[in-house]
Amino acid sequence: MWFAYCAVFKSAKKQNYLLVTDLTVKKTMPAVLVVHGGAWAIPDDLASASVSGVKAAACEGFSVLKKGGSSLDAVEAAVRSLEDNNVFNAGHGAVLNSEGEVELDASIMDGKTLGSGAVSSVKNIGNPVLLARAVMEKTDHVMLTSRGANLFAESIGMATVCPEELVSEFERKEWEKHKNYVTGVKEDFNAMWAHDTVGAVAVDSAGNVACATSTGGIRNKMVGRVGDSPVIGCGGYADNFSGAVSCTGHGESILKVTLARLIISHMEQGKTVAKASELALKYMGDRVNGAGGAIVVSPSGQWAATFTTERMAWAAVENDTLWYGLNPQEKCQESLT
């Protein structure tokens, strides 16, 4: 963001006035990064690891911003950290579909250009957020799915992994215990049997915002099922004119109300980031009986982490202060200096 100094000089000889407008000074914005590890009924035995994971991811992403990096690079770094942590349902640690297979979705968006990239139903990519960014930067498309996404990954030399490497021992056991989609959906956000999406939003020192979202979906989903995470405007949205959002929760509900864009719409109408999130999540609950959460950041650095599920692991870094929480109304802080 830039502002200009205007100076008026008076000529002693002709008493004329000269307007000078070519002196510009860069105004540095406060950099902020927020991450979430999914909104669901996180069991006590995963609570500590979930909080530690989001704190580490937030610090990883913020370190990019602190070095002068872009918001886009920062959200990618944060989400990669979460995808590499098998506590979370994204990349390593993803849940399994009805056939016992991993199918991963991810998206990323640049608020400066509205550039967007997404992938869905990919099977052997450890960091699908990287592939989503490659779709944005190296193709004319926004989303590639399944075999097409994997063929593209091969064409650009992206590293692949054996799908079994993405499955945690915990997930394999839980899948064996709960081989029922309807039960899985009901328990996803009301009990303790499934993980959920991860995501990050950021604003950098230039005032540019970005978002990234990644997930393994819902346990026991049908083969080929795609949720909200890779759908621009649903699982995430970023626009320098308004802000950035990453959503989490029941994907079908989020899709029906285009949750990310709904939050942005409330912000464009003058609502604070917190109020915009609350209104949109309440609407989703009232209209389609869906639960979830969202992290939001504005171009000016305001941020919020809001959820209607039992718990959501989240963390944020601003001004060398680390904020984090898990339970409703919980907001802890640590100094990073």
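These notes cover the structure that comes with them. (Residues numbered from 1 in each chain as written. Predicted model: local features only at pLDDT ≥ 70, side-chain atom pairs only at ≥ 80, totals over all residues. Heavy atoms only, no water.)

**Side note on the pattern of salt bridges**
Two side chains carrying opposite charge are able to pair once their charged atoms lie near each other.
Argument step 1. Summed over the entire model, instances satisfying the criterion amount to 12 salt bridges.
Argument step 2. Between Asp73 and Arg133 there is a salt bridge; the shortest N-O distance is 2.7 Å. Note that Asp73 is positioned in helix H2 (residues 71–83) and Arg133 in helix H3 (residues 128–138), a separation of 60 residues in sequence.
Argument step 3. The class of Asp73 is partly exposed, set by a relative accessible area of 33%.
Argument step 4. For Arg133, a relative accessible area of 14% puts it in the buried group.
Argument step 5. Residues joined in a network through salt bridges with shared partners are Asp73, Glu76, Arg80, Arg133 and Glu137. (Salt bridge = Lys/Arg side-chain N within 4 Å of Asp/Glu carboxyl O. Helix = DSSP H or I, 4+ residues; strand = E, 2+ residues; numbered from the N terminus. Buried < 20%, exposed > 50% of the residue type's maximum accessible area, 1.4 Å probe, protein only.)

**Re the layout of surface pockets**
Argument step 1. Its boundaries defined by the atoms lining it, the largest pocket holds a volume of some 350 Å³.
Argument step 2. Looking at the lining of the largest pocket, the elements that each hand over two or more residues are helix H9 (273–288) and strand E12 (303–307). (1 Å grid on protein atoms, 1.4 Å probe; cavity = no way out; pocket = protein on both sides within 12 Å on 5 of 7 lines; lining within 4 Å. Points joined across faces, edges and corners; volume = space filled by probe spheres on them.)

**Some thoughts on the packing of aromatic side chains**
Argument step 1. What the rule picks out here adds up to one aromatic pair.
Argument step 2. Taken together, a centroid distance of 5.7 Å and an interplanar angle of 50 degrees make the contact between Trp303 and Trp314 tilted. Linking Trp303 in strand E12 with Trp314 in strand E13 (residues 311–318), this pair joins segments that are 11 residues apart in sequence.
Argument step 3. Sitting above the plane of the Tyr324 ring, Lys55 keeps its charged end 4.2 Å from the centroid.
Argument step 4. Against the face of Trp323 rests Lys331, its NZ or CZ located 4.9 Å from the ring centre. (Phe/Tyr/Trp six-rings, centres within 6.5 Å; stacked < 30°, edge-to-face > 60°. Lys NZ or Arg CZ within 6 Å of the ring centre and 35° of its normal.)

**Overview of helix H1 (residues 44–66)**
Argument step 1. Across its 23 residues, H1 extends 33 Å between first and last C-alpha, which sits within 8% of the 33 Å expected from 1.5 Å per residue.
Argument step 2. In the segment just after H1, Gly68 is the residue with positive phi, at about 90 degrees. (Expected span 1.5 Å × (residues − 1).)

**Let's talk about the environment of Leu130**
Argument step 1. Looking at where Leu130 falls in the secondary structure, it is placed in helix H3.
Argument step 2. You can call Leu130 partly exposed: its relative accessible area is 23%.
Argument step 3. Counting along the chain gives 23 residues from Leu130 to Ala153, while the straight-line C-alpha distance between them is 9.7 Å.
Argument step 4. Ignoring sequence-local partners within four residues, the contact set of Leu130 consists of Glu76, Arg80 and Met158. (Contact = heavy atoms within 4.5 Å.)

**Here's the deal with the packing of H3 against helix H4 (residues 146–155)**
Argument step 1. Running from N to C, H3 and H4 cross one another at 75 degrees; their axes reach a closest spacing of 11 Å. Here H3 is positioned roughly perpendicular relative to H4, judged by the angle of their axes. Across from Leu131, Ala134, Val135 and Lys138 in H3, the residues of H4 making contact are Ala149, Phe152 and Ala153. (Axes fitted to C-alpha atoms, helices over the stretch in contact; angles between N-to-C directions. Parallel < 35°, antiparallel > 145°, perpendicular 65-115°, else oblique.)

**Things to note about the sheet that holds strand E14 (residues 321–325)**
Argument step 1. Sheet architecture is open: nine strands sit in the order E6-E5-E4-E8-E7-E3-E13-E14-E15, paired in mixed fashion. Edge positions in the sheet fall to strand E6 (143–145) and strand E15 (332–335), since each has one partner strand and no second. Here the strands of the sheet are splayed against their neighbours by 10 degrees on average, with no regard to which way each runs.
Argument step 2. As judged from the five bridges shared by strand E3 (residues 32–40) and strand E7 (residues 198–203), these two strands associate in the antiparallel manner. Bridge pairing links His36 to Gly199 in E7.
Argument step 3. Sitting on the sheet, H2 is in contact with E3, strand E4 (104–110), E7 and strand E8 (209–215), with an inclination near 155 degrees to E7.
Argument step 4. Along the sheet, H3 contacts E4, strand E5 (116–122), E6 and E8; its crossing angle with E5, the most-contacted strand, is approximately 130 degrees. (Pairing = 2+ DSSP bridges.)

**Comments concerning the pairing of E8**
Argument step 1. Within E8, seven of the seven residues are buried, which leaves the element mostly enclosed by the surrounding structure.
Argument step 2. Alternating residues of E8 divide into Val209, Cys211, Thr213 and Thr215 and Ala210, Ala212 and Ser214, and every residue in both groups is buried.
Argument step 3. As paired elements, E4 and E8 share six bridges and run antiparallel to each other. Residue pairing for E8: Asp105 is matched across the bridge by Thr215.
Argument step 4. Two elements, E7 and E8, share six bridges in a ladder whose sense is antiparallel. Directly across from Ala200, in E8, lies its bridge partner Ala212.
Argument step 5. In textbook terms, the turn of a hairpin is the stretch between consecutive antiparallel strands, and for E7 and E8 this stretch comprises five residues, one of which, Gly207, has a positive phi near 85 degrees.

**A word on the pairing of E13**
Two faces make up the sheet, and in a regular strand the side chains alternate between them.
Argument step 1. Counting buried positions over the eight residues of E13 gives seven, a clear majority of the element.
Argument step 2. The pairing of E3 with E13 spans seven bridges and is antiparallel. Opposite Val32, over in E13, you have Glu318 as the bridge partner.
Argument step 3. Summarising the sheet, E13 and E14 pair through five bridges and their orientation is antiparallel. Paired with Ala316 across the bridge in E14 is Trp323.
Argument step 4. Connecting E13 to the antiparallel partner E14 that follows it, the hairpin turn spans two residues, and Asn319 within it adopts a positive phi of roughly 50 degrees.

**Focus on empty space enclosed by the protein**
Argument step 1. Within the structure shown, the criterion is met by three cavities of 30 Å³ or more.
Argument step 2. For the largest cavity, the calculated volume is near 50 Å³.
Argument step 3. Every residue along the wall of the largest cavity is listed here: Asp196, Thr197, Thr215, Gly217, Ile218, Arg225, Gly227, Asp228, Ser229, Gly249 and Gly251.
Argument step 4. The residue inventory of the lining of the largest cavity, partitioned by class, reads one nonpolar, seven polar and three charged. (Nonpolar A, V, L, I, M, F, W, Y, C, P; charged D, E, K, R; others polar.)

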